[in-house]
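# Coordinate inspection notes
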Amino acid sequence: MLFLRGAGLCRELPRGVVGTAGRACSAAAGVRQRKSRVTHRGKATRGEQGAPADRAPPRGATSAEGAPLRPRKLFLGLRTAGDGQSRESSPIINNGDMERESFFEGKNMALFEEEMDSNPMVSSLLNKLANYTNLSQGVVEHEEAEESRRREVKNPGMGTFIGVYLPCLQNILGVILFLRLTWIVGVAGVLESFLIVFMCCTCTMLTAISMSAIATNGVVPAGGSYYMISRSLGPEFGGAVGLCFYLGTTFAGAMYILGTIEIFLTYISPGASIIHAQSPEGEAVAMLHNMRVYGTCTLALMAMVVFVGVKYVNKLALVFLACVVLSILAIYAGVIKSAFDPPDIPVCLLGNRTLSRRNFDVCAKVFTTNNGTVTTALWGLFCNNSMPSAICDEYFAQNNLTEIQGIPGVASGVFLDNLWSVYTDKGVFVEKQGTPSVPVPEESRNSKLPYVLTDIMTYFTMLVGIYFPSVTGIMAGSNRSGDLRDAQKSIPTGTILAIVTTSFIYLSCIMLFGACIEGVILRDKFGEALQGNLVIGMLAWPSPWVIVIGSFFSTCGAGLQSLTGAPRLLQAIARDGIVPFLQVFGHGKANGEPTWALLLTALICEIGILIASLDSVAPILSMFFLMCYMFVNLACAVQTLLRTPNWRPRFRYYHWTLSFLGMSLCLALMFICSWYYALFAMLIAGCIYKYIEYRGAEKEWGDGIRGLSLNAARYALLRVEHGTLHTKNWRPQVLVMLNLDSEQCVKHPRLLSFTTQLKAGKGLTIVGSVLEGTYLDKHAEAQQAEENIRALMGTEKTKGFCQLVVSSNLRDGMSHLIQSAGLGGMKHNTVLMAWPESWKEEDNPFSWKNFVDTVRDTTAAQQALLVAKNVDLFPQNQERFSDGHIDVWWIVHDGGLLMLLPFLLRQHKVWRKCRMRIFTVAQVDDNSIQMKKDLQTFLYHLRISAEVEVVEMVENDISAFTYEKTLVMEQRSQMLKQMQLSKTEREREAQLIHDRNTASHSVVAARTRAPATPDKVQMTWTKEKLIAEKLKNKDANMSGFKDLFSLKPEWGNLNQSNVRRMHTAVKLNGVVLNKSQDAQLVLLNMPGPPKNRQGDENYMEFLEVLTEGLNRVLLVRGSGREVITIYS
């Protein structure tokens, strides 16, 4: 950190500038500071009196613009936390020791001078943190430069009442309250309506508590609920729920527009209909068409208003809010007035059926005048003419007409009549319970008759879906977090108070509606019995128009708010980059307004308007809001249960049980409202989740799901480590050893292809490699190598972990990987590596040594070993074998890994069409027919289908070819040894070779007299059988030796143990070539290395001879434990 003081260019440097000018100013400032220092009483102080231009401004001084002056600070290479970029080094630090010493001379913090280029001093950092502002993303007029913001006199933000309470109130109290709440009370009854409202309000209250905890856990930038969910649950959940919340907000806009048009066409101007019904049956259809036409026009108008500018919407918001408040006050005033002066609103009943008063005024069949009895307009509706002798509807003829008061008032006792539910089918008469009527058998429904009929079938769960949108809107405060003075205090207080207030309003309205209004009027959805007036408006005081106009403007305002908020939410999701195909919607006008997002929002909103039915749209947006609330509760519960150190909300009145209860209630309400809508919404969210997981940009937001995964992994690892793995659960957990070239690229990428084919994404895969050197010198190359390996793993679709080790030599590094790779119970049990093709080359003398030592390490660690020879000929993942065989040569039993590997390979598409063949070798005394039957039975019990063949190897003399091979091998081994020895050691080694050759016959005799101890592996030979077989053939072998020695004297000096091993390799290679030369893959038992380390180079030659002439070979060395079982 560098303090620049003084006049001229250095003073004008903007914050954060580095480079040549920055270095020049830095040096100049250092010179000025050194000149101005004086020593006083042994302390270094600044000579402020001698340098007025260099003096820091006094505390409290202000600039001409009114902003407080403070020392300029130059941050060198500092990146703010969370931007996802690495720190950059400072150009100043690289100017040499002399410049560094002169620059930091006399500093109080000289101890930390070498870290100041990357780590800022606390004194400068605190001011930046304290002045943090969480402004909206993408709005240019709100994103001014930092220096300009500092000079501004900042207006105080909004408080709890204006910023949170009133917006939540406006969003919660809306169209459902005015258009549907009375109908819900009439259909469900007071008790069940109270239950519906209580459930929904409890759901939103629990969600608000969880939201308050998340919102107060640090600074929440503008973005509201989407930001909270995505940063708490990760980009996958955040994107899925954010898009669901966006769809819910968009459909809410459609619902509010439909509510606006319904109020206009039904209660304000019924004559404004463009499409008219030709018959009474078509009135409902004509109404829907009118809703579509007017709704589309209104949507276009609102979208234009939003496009022109949000400031007009914000200016109108208070007007719309005032309409809502006045309307509610008018309802309460009407209820109070009805207690002592109920309004005179007559309702006409025919028997117990409610009549629509749209086409008549007098509720009577006839009335008497001076001239006699005259039929009424109602008579003409039920009879074929107006004469008293006309033929009338049978029910009309047998039942009387009565008039009752539609709103009898609070003191009328109608509350008890409205206590219980009246659920009906579609097209049923709205009837008054308890009123006598004369039933008519087999009555034909005539739609021309003026009855009030139900328009939809009603039941409890359907009413929950229709009502729930009326309690949404609790996120309005958190969505404005960027404009609040103290968001962490205002959001919990304002949101919870708004929910308490609106819950009281809804619950009290249910009680008051049930106590004041007659049941048939409550169930009359469109007020047909009231001459087409709004039911809740007839209750209000002083005039029904207060409610009609108020509800009209409130629904208009809510629609505008939805069309304003939804595009910004989509823009925030698009700019996060988690959904690639949405990135185009992150752009907008020059001032940041989301033009493209607004266009998409209008198109989706048009879908809701084309549905045209408020009762059909409401459950759709209920699903999306409920899903959003469910994940808010889940986020809070997860963070609380994980107890992450960063989870420190200021809001203390939360608990994970409340969040879990809220989440469960949201899920239950989703299926209560509509199970098929719930499944559809979950399907949409699931598809978005999987898409983001598959194609989305990787984001590390420190989310709770990552923490939950870590906790679950820790728990599982602790559980796995305690118990030993059963054979039935054994699968190859592979450590893949890769070799790197000089550019840190993988030498044999086909090894990863084979790993993918073997694993198919199951089990543990660790891709390891060793870089030679020291970590301090090689850490950059190690990082590059790890990136290359990860990129190749992605290309080959190898799901696993990468572990790269920097070691002083390759041998130790490979040993460290074998010992320490993995964690706890999730450790590898199998090592996969490529055959060192260059082991014979003179410039690579250590490759064979490292290989043999690795084989020994895996044996010591009781791990299986797979060695892929000719690995570059192995198939890629895109290749497909249409035919061929996978041949298994089962010579010794080492746990059954040879049987398991072909089965696993054939699960992959590359090897699926290959057939499996198993060959085993029979000795002279073995019954090959019985061996074949036993092997077939064994495979049957293992549930593995394969062809079985037993190959007989006849005992014969060792051929001259074998001796010659052995001689060449030993000569090469001597040469390899000589390459690694100094001059003195070479002379000593030559003497040892001479002594050994002269005494070779005695050594051979001694070794033949003392039978060799077999390796500690599970073989089909028993120890006794092996010794007996060797003793039986000893004499014949010795005579054969003497005959061959006469051909070439050098053969007599050969190590006879090597000769026998070479004999086995040559014979076995001939048998394998005869049977499996055309096989797609050959799996062979890999013999172990010699216990005497002097023969390591010979061991490599034996393996080379054994696999000579084969295209693709996988040498398999088991761990010794059983990995396959016949039991279930």
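Only a predicted model underlies this, so the values are computations on that prediction, with no experimental measurement involved.

Regarding its fold elements, the chain presents 37 helices and 19 strands. For the chain, the share of sequence-separated contacts (at least 6 apart) that also reach a separation of at least 24 residues comes to 80%. On the chain, roughly 54800 Å² of surface is accessible, and the fraction owed to carbon and sulfur atoms is 57%.

A few words now on the packing of aromatic side chains. Each aromatic ring pair is described using two quantities: the centre-to-centre distance and the angle formed by the ring planes. Under the definition given, this model contains 24 aromatic pairs. Ring geometry for Phe-382 against Phe-396: centres 4.5 Å apart, planes inclined by 5°, an arrangement best described as stacked. Placement of Phe-382 in helix α12 (residues 377-382) and of Phe-396 in helix α13 (residues 394-398) is noted, with a sequence separation of 14 residues between them. You'll find Phe-382 and Phe-396 in the same group, each marked buried. Members of the aromatic cluster, each reached through a chain of ring pairs, are Trp-379, Phe-382, Phe-396, Phe-429 and Tyr-451. For the cation-ring pair, Lys-365 lies above Phe-396, with the distance from its terminal atom to the ring centre recorded as 4.7 Å. The ring centre of Trp-183 lies 4.2 Å from the NZ or CZ of Lys-525, which sits over that ring.

The next subject is the nonpolar core. In this structure, Met-255, Tyr-467, Phe-468, Tyr-506, Phe-513 and Ile-517 are the most contacted members of the largest nonpolar core, which totals 169 residues. Element by element, the count of residues in this core is highest for helix α9 (residues 224-268), at 22 residues. Residues Leu-804, Ala-868, Met-899 and Leu-939 belong to the second largest nonpolar core, which totals 52 residues.

Within the structure shown, the criterion is met by 18 salt bridges. Note that Asp-341 is salt-bridged to Lys-337, the shortest N-O span being 3.5 Å. Connected through salt bridges with shared partners, the residues Arg-180, Glu-262, Asp-455, Lys-525 and Asp-615 form a single ionic network.

A few words now on a positive patch on the surface. Positive charge collects at one region of the surface, where Lys-797, Arg-880, Lys-909 and Arg-912 lie side by side. Counting through the fold element by element, Arg-912 comes out in the loop between α29 (897-905) and β16 (915-922). The exposure class of Arg-912 is partly exposed, given its relative accessible area of 45%.

Look at helix α10 (residues 283-308): 37 Å from first C-alpha to last across 26 residues, which is about the 38 Å you get at 1.5 Å a residue. Turning to α10, its buried residues are Ala-286, Asn-290, Met-291, Tyr-294, Gly-295, Thr-298, Leu-299, Met-302, Ala-303 and Val-306.

Turning to the sheet that holds strand β9 (residues 401-405), a few remarks are in order. Spatial strand order, β6-β5-β9: three strands in an open sheet with antiparallel pairing. The open sheet terminates on both sides in strands that have one partner only, identified here as β6 (353-354) and β9. Here strand β5 (residues 346-350) pairs with β9 via five bridges, running antiparallel. By the bridge assignment for β9, Leu-349 is matched with Thr-402.

Right, let's talk about helix α8 (residues 181-215) for a bit. The terminal C-alpha atoms of α8, which comprises 35 residues, lie only 32 Å apart, well short of the 51 Å expected from a rise of 1.5 Å per residue. At Gly-189, α8 is deflected by roughly 115°, the largest bend along its length. With 28 of its 35 residues buried, α8 lies for the most part within the structure.

For the rest of this paragraph, the subject is the confidence of the model for the chain. Residues at a pLDDT of 70 or more form 72% of the chain, whose mean pLDDT is 76. Note that residues 996-1023 has pLDDT below 50 and, in this model, 29 contacts with residues that lie over four places away or in other chains. Note on residues 1035-1053: pLDDT is under 50 here. Beyond four places in sequence and across chains, it has 23 contacts.

In this section: unusual backbone geometry. The step from Trp-541 to Pro-542 runs through a cis peptide bond, and the omega angle for that step is 15°. For Pro-542, the location among the structural elements is in the loop between α18 (535-539) and α19 (544-576). Within the chain, Gln-531 stands out as a residue other than glycine whose phi angle is a positive 60°. Given a relative accessible area of 46%, Gln-531 falls into the partly exposed group.

This part is about the sheet that holds strand β11 (residues 765-772). Across the sheet, ten strands lie side by side as β12-β11-β10-β13-β14-β19-β18-β15-β16-β17; this open sheet has mixed pairing. Looking at strand neighbours, the two that pair on one side only are β12 (801-807) and β17 (947-952), the edges of this open sheet. When the angles between neighbouring strand axes are averaged without regard to direction, this sheet yields 20°. Sheet topology note: the strand β15 (residues 885-890)/strand β18 (residues 1081-1085) ladder contains four bridges and is parallel. Paired with Asp-887 across the two strands is Val-1082, which belongs to β18.

Right, let's get into the side chain of Ser-674. Here Ser-674 shows up in the loop between α22 (656-673) and α23 (675-695). Engagement of the side chain of Ser-674 in a polar contact is seen with the backbone nitrogen of Tyr-677, the distance being 3.3 Å.

Before going further, it helps to spend a moment on the state of the cysteines. Two cysteines whose sulfur atoms are joined by a covalent bond form what is called a disulfide. Throughout the structure, instances matching the rule amount to two disulfides. Disulfide pairing is shown between Cys-383 and Cys-392; the S-S distance is 1.7 Å. Between Cys-383 and Cys-392 the sulfur-sulfur dihedral comes to about 100°; the bridge is accordingly right-handed. Shown here for the chain is a disulfide pattern of 1-2, 3-4, where each number marks a bonded cysteine counted in sequence order.

Before going further, it helps to spend a moment on the pairing of β16. Burial of β16 is extensive: seven of the eight residues sit out of reach of the surface. Judged from the six bridges that link them, β15 and β16 form a sheet pairing that is parallel. Across the sheet, residue Val-888 finds its bridge partner in β16, namely Ile-918. Summarising the sheet, β16 and β17 pair through six bridges and their orientation is parallel. Paired with Thr-920 across the bridge in β17 is Val-950.

Glancing now at the packing of helix α21 (residues 614-642) against α23. In the contact formed by α21 and α23, the axes pass within 10 Å of each other and the chain directions differ by 50°. One way to sum up the angle between α21 and α23 is to call them oblique. Considering only the axes of α21 and α23, their crossing is right-handed. Counted together, Ser-616, Pro-619, Ile-620, Met-623, Phe-624 and Met-627 of α21 and Tyr-677, Ala-678, Ala-681, Met-682, Ile-684 and Ala-685 of α23 form the full contact between these two elements. Classifying every residue of the contact of α21 with α23 by side-chain character gives eleven nonpolar, one polar and no charged.

Along β15, six of the six residues are buried, which leaves the element largely enclosed by surrounding structure. The two faces of β15 match: His-885, Asp-887 and Trp-889 on one face and Ile-886, Val-888 and Trp-890 on the other face are all buried.

Summarising the element assignment, Thr-795 is placed in helix α26 (residues 775-795). Sequence separation between Thr-795 and Ser-753 is 42 residues; the distance between their C-alpha atoms is 9.3 Å.

What follows covers the environment of Trp-889. Along the chain, Trp-889 turns up in strand β15. Taking the relative accessible area as the measure of exposure, Trp-889 reaches 0% and is therefore buried. C-alpha separation for the pair Trp-889 and Ile-918, spaced 29 residues apart in sequence, amounts to 6.1 Å. Not counting the four nearest positions on each side in its chain, Trp-889 is found in contact with Leu-898, Phe-919, Val-921, Val-951, Val-1071, Val-1072, Lys-1075, Ser-1076, Val-1082, Leu-1083, Leu-1084 and Asn-1085.

With that settled, the discussion passes to a nonpolar patch on the surface. A cluster of nonpolar side chains, Leu-667, Phe-671, Trp-675, Tyr-676 and Leu-679, forms an exposed patch at the surface whose accessible area comes to about 510 Å². Where the nonpolar patch is concerned, the elements lending two or more residues are α22 and α23. Examining the composition of the nonpolar patch, we find that three residues originate from one element, α23, more than from any other. Along the chain, the position of Leu-667 falls in helix α22.

Any two packed helices are characterised by how steeply their axes cross, that is the angle between the axes, and by the distance between the axes. Running from N to C, α10 and helix α20 (residues 595-611) cross one another at 165°; their axes reach a closest spacing of 10 Å. If you check the angle between α10 and α20, you find them roughly antiparallel. In the packing of α10 onto α20, the handedness of the crossing is right-handed. Where α10 abuts α20, its residues Met-291, Arg-292, Gly-295, Thr-296, Leu-299, Ala-303, Val-306 and Phe-307 lie against Thr-595, Leu-598, Ala-602, Cys-605, Glu-606, Ile-609, Leu-610 and Ile-611.

How each quantity is defined
- Residues numbered from 1 in each chain as written.
- Predicted model: local features only at pLDDT ≥ 70, side-chain atom pairs only at ≥ 80, totals over all residues.
- Heavy atoms only, no water.
- Helix = DSSP H or I, 4+ residues; strand = E, 2+ residues; numbered from the N terminus.
- Contact = heavy atoms within 4.5 Å.
- Areas by Shrake-Rupley, 256 points an atom, 1.4 Å probe, with all protein chains shown as cover.
- Phe/Tyr/Trp six-rings, centres within 6.5 Å; stacked < 30°, edge-to-face > 60°.
- Buried < 20%, exposed > 50% of the residue type's maximum accessible area, 1.4 Å probe, protein only.
- Lys NZ or Arg CZ within 6 Å of the ring centre and 35° of its normal.
- Core = buried A, V, L, I, M, F, W, Y, C linked by side-chain atoms within 4.5 Å.
- Salt bridge = Lys/Arg side-chain N within 4 Å of Asp/Glu carboxyl O.
- Patch = residues over 30% accessible without salt bridge, like charges linked within 9 Å, V, L, I, M, F, W, Y side chains within 5 Å.
- Lys, Arg positive; Asp, Glu negative; His and termini not counted.
- Charge placed at Lys NZ, Arg CZ, Asp CG, Glu CD.
- Expected span 1.5 Å × (residues − 1).
- Pairing = 2+ DSSP bridges.
- Bend = angle between axes of the 7 residues up to and from the residue.
- pLDDT = per-residue confidence, 0-100.
- Axes fitted to C-alpha atoms, helices over the stretch in contact; angles between N-to-C directions.
- Polar contact = N/O pair within 3.5 Å; in protein donor to acceptor, adjacent residues only side chain to side chain.
- Disulfide = S-S within 2.5 Å.
- Parallel < 35°, antiparallel > 145°, perpendicular 65-115°, else oblique.
- Left-handed = near helix turned anticlockwise from the far one by under 90°.
- Nonpolar A, V, L, I, M, F, W, Y, C, P; charged D, E, K, R; others polar.

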